[in-house]
Amino acid sequence: MTAETIFALASGAGRAAIAVMRISGPRTAAVLAALCGGALPPPRQASLRRLRDGKDGTLDRALVLWLPGPRTYTGEDAAELHLHGGRAVIEAVAHALAEAGLRPAEPGEFTRRAFLNGRLDLIEAEAINDLIEAETDAQRRQALRQLDGALGALYRGWSDRLRTVLAHQEALIDFPDEDLPPEVDAALLATLRAVRDDIRRHLDDAGRGEKLREGLHFAITGAPNVGKSTLINALAERDVAIVSDIPGTTRDVLEARVVLGGVPVTLADTAGLRQTEDAIEAEGVRRARARARDADLVIHLVEAGANAPADLPASHVLVATKADLGGNGPDGALRISARSGEGMDGLRDRLAQAARAMTETDGPPPLTRARHRAALLAAAALLDAAETAALPELRGEDLRLAMRELGRITGHVGVEDLLDTIFSAFCIGK
Ligand SMILES: Nc1nc2c(ncn2[C@@H]2O[C@H](COP(=O)(O)OP(=O)(O)OP(=O)(O)O)[C@@H](O)[C@H]2O)c(=O)[nH]1
Ligand SMILES: [Mg+2]
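K.L.:
When you look at the overall build of the protein in this model, what are you seeing that I'm missing?
P.N.:
Helix and strand counts for the protein stand at 14 helices and twelve strands. Whereas a compact globule of 430 residues would reach a radius of gyration of roughly 22 Å, the protein reaches 29 Å, over 25% beyond that. The buried share of the protein, taken over its 430 residues, is 44%. Taking the intrachain contacts of the protein between residues at least 6 apart in sequence as the baseline, contacts between residues at least 24 apart amount to 61%. Accessible area of the protein: about 21200 Å², with a carbon and sulfur share of 52%. The protein carries 52 positive and 63 negative side-chain charges, and their two centres are separated by 6 Å.

Below, the structure written as structure tokens:
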């Protein structure tokens with residue numbers, strides 16, 4: 001248990017109507033009483049108080065919440081001060097709290113304490129950060145589902161089933177002479193395989209949850225001058241890239257973040273694909289190809305009248321540009337004109353549809369993090385090993401290690417080494 005009492009601004013930085021200062025730790029009651037002039041306000045009720053500094057000055061008039069533990073966010077005694085949101089007010093109050101011996105919180109420290117005090121598991125803690133980071137509605141919904149504990153319940157369920165297998169397995173080891181019916185061994189193996197198959201199915205989701213959390217990557221490619229830069233500017237609704245009638249204008253990969261179908265998407269404008277003697281342009285073409293290879297979707301542009309290239313990746317949308325100049329594109333191409341706006345709504349719909357299709361899930365909540373994926377892959381491999389283990393003792397050990405991997409996801413076992421990495425990604429005050 002930690003003995004320090006911490007404080008931090010929980011609301012955003014900068015001038016605002018109200019700023020929320022948060023306090024947590026064993027000295028909360030004493031410091032709050034002193035701030036309020038001697039007496040604690042009634043618990044869990046908003047009370048208007050004049051906040052005093054250590055001498056006889058007034059810091060602010062604020063709404064004060066006294067939240068005695070353990071039924072608080074952190075599990076400790078806590079308080080919130082709803083201050084007037086001016087810079088000088090915030091600084092004066094922070095100064096007074098520091099004078100009283102409190103320490104400014106580190107990023108994610110409130111949530112870290114909540115985790116250490118068993119108020120939430122690691123998956124829920126990560127969901128809180130996702131909720132704060134959510135830029136779109138689909139991301140918000142995914143974070144909320146994870147916060148509701150559905151993902152944790154799924155992983156704990158697997159762990160519980162493996163625990164039963166392990167218990168039976170150990171009974172077999174401890175009482176080898178008892179004539180256990182062979183069905184018992186078969187049933188153990190069946191459960192083990194069923195859990196492993198569930199894990200593999202969960203892993204085999206084309207990264208939907210992770211993609212929604214992190215955003216998709218769409219690359220715009222095509223020959224020089226087809227209108228790639230014009231298109232990224234139109235989709236981003238701002239001047240991302242220089243447009244000119246000189247072929248080979250764009251060399252670097254230029255990015256713009258947009259929301260398509262509720263999913264954040266990073267669009268990349270790239271150099272026009274062609275053979276060139278110019279070393280810099282050639283490097284641009286190399287980068288363009290690399291970007292196309294790594295993209296979740298390639299938006300390939302051809303001029304109306306041109307043929308479709310033969311080597312498009314499986315995930316692509318073919319677009320015929322400059323429809324205002326006449327001419328049809330190749331079969332199946334969407335005709336657009338960034339200049340007249342023709343076909344642009346259709347293209348936006350098509351891209352939104354693709355983004356949704358890559359991230360939507362039904363059924364159990366999807367995997368959302370590389371950290372979880374790594375642990376699940378390790379667990380599945382250990383269950384493979386357990387299945388074919390030569391001795392019951394070895395199978396027991398593989399099972400124990402597999403359960404440990406699952407436990408590390410929710411934070412129920414051995415995660416001390418992970419906590420710094422996980423919570424340092426949070427904002428201060430959360
Ligand atoms: N008529 C017409 N011209 C267009 C349209 N879109 C782009 N252009 C013109 O085509 C030329 C090339 O446009 P860019 O967007 O720079 O083409 P790009 O594909 O980025 O070219 P590079 O960067 O050189 O590979 C410019 O003169 C644009 O104004 C369109 O829909 N209609
Ligand atoms: Mg360009």
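K.L.:
How should the side chain of Q142 be read in this particular structure?
P.N.:
On the secondary structure map, Q142 appears in helix α5 (residues 137–147). Among the polar contacts made by the side chain of Q142, one reaches the main-chain carbonyl oxygen of G209 at a distance of 2.9 Å. Once residues within four sequence positions are removed from consideration, Q142 is found in contact with G209, L212, R213, P366 and T368.

K.L.:
Please explain helix α2 (residues 87–99) as it appears in this structure.
P.N.:
Turn by turn, an α-helix covers 3.6 residues, leaving residues three or four places apart pointing in a common direction. If you check α2, its first and last C-alpha atoms are 18 Å apart, about what 13 residues at 1.5 Å a residue would give, namely 18 Å. Along α2, the residues that are buried comprise V89, I90, V93, A96 and L97. For α2, the angular spread of buried residues about the axis comes to 130 degrees, placing them on one side. Turned more than 90 degrees away from the buried face of α2, the exposed residues are R87, A88, E91, H95 and E99. Where α2 is buried, its residues meet β1 (6–9), β2 (18–24), α1 (28–35), β4 (58–67) and β5 (78–84). Downstream of α2 by a residue or two, G101 has a phi angle that is positive, lying close to 95 degrees.

K.L.:
It is not clear to me how the domain arrangement of the protein should be interpreted in this structure. Could you clarify?
P.N.:
Many structure descriptions define interface size as the accessible area lost when the parts assemble. Each assigned domain of the protein is listed here: domain 1 (6–105), domain 2 (123–205 + 366–423) and domain 3 (219–356). For domain 1 and domain 2, the distance between their C-alpha centres works out to 41 Å.

K.L.:
It is not clear to me how the sheet that holds strand β8 (residues 254–260) should be interpreted in this structure. Could you clarify?
P.N.:
With respect to topology, six strands assemble into an open sheet ordered β8-β9-β7-β10-β11-β12, the strand pairing being mixed. Taken across any chain shown, the strands that pair with only one partner, and hence form the sheet edges, are β8 and β12 (334–335). Pairing of strand β7 (residues 216–222) with strand β10 (residues 297–303) involves five bridges; the strand directions are parallel. The partner of F218 across the bridge, within β10, is L297. Contacts from helix α9 (residues 228–236) reach β7, β8, β9 (263–269) and β10 within the one sheet, and its direction differs from that of β9 by about 155 degrees.

K.L.:
Would you mind going over the coordination of the magnesium ion (ligand 2) with me for this structure?
P.N.:
Each donor-metal-donor angle in an ideal tetrahedron of four donors is 109.5 degrees, and each such angle in an ideal octahedron of six donors is either 90 or 180 degrees. Around the magnesium ion (ligand 2), the protein supplies S229 (OG) and T250 (OG1) as donor atoms, at distances of 2.0 Å. With S229 in helix α9 and T250 in the loop between α9 and β8, the pair connects residues that are 21 residues apart, well separated along the chain. Take S229 and T250: they sit in the same class, and that class is buried.

Each value, and the rule that gives it
- Residues numbered from 1 in each chain as written.
- Chains lettered and ligands numbered in written order.
- Predicted model: local features only at pLDDT ≥ 70, side-chain atom pairs only at ≥ 80, totals over all residues.
- Heavy atoms only, no water.
- Helix = DSSP H or I, 4+ residues; strand = E, 2+ residues; numbered from the N terminus.
- Rg over C-alpha atoms; globule rule 2.2 N^0.38 Å.
- Buried < 20%, exposed > 50% of the residue type's maximum accessible area, 1.4 Å probe, protein only.
- Contact = heavy atoms within 4.5 Å.
- Areas by Shrake-Rupley, 256 points an atom, 1.4 Å probe, with all protein chains shown as cover.
- Lys, Arg positive; Asp, Glu negative; His and termini not counted.
- Charge placed at Lys NZ, Arg CZ, Asp CG, Glu CD.
- Polar contact = N/O pair within 3.5 Å; in protein donor to acceptor, adjacent residues only side chain to side chain.
- Expected span 1.5 Å × (residues − 1).
- Arc of directions from axis to C-beta.
- Domains from an automatic or database assignment.
- Pairing = 2+ DSSP bridges.
- Axes fitted to C-alpha atoms, helices over the stretch in contact; angles between N-to-C directions.
- Donors = N, O, S within 2.8 Å, 3.2 Å for Na, K, Ca; no water.

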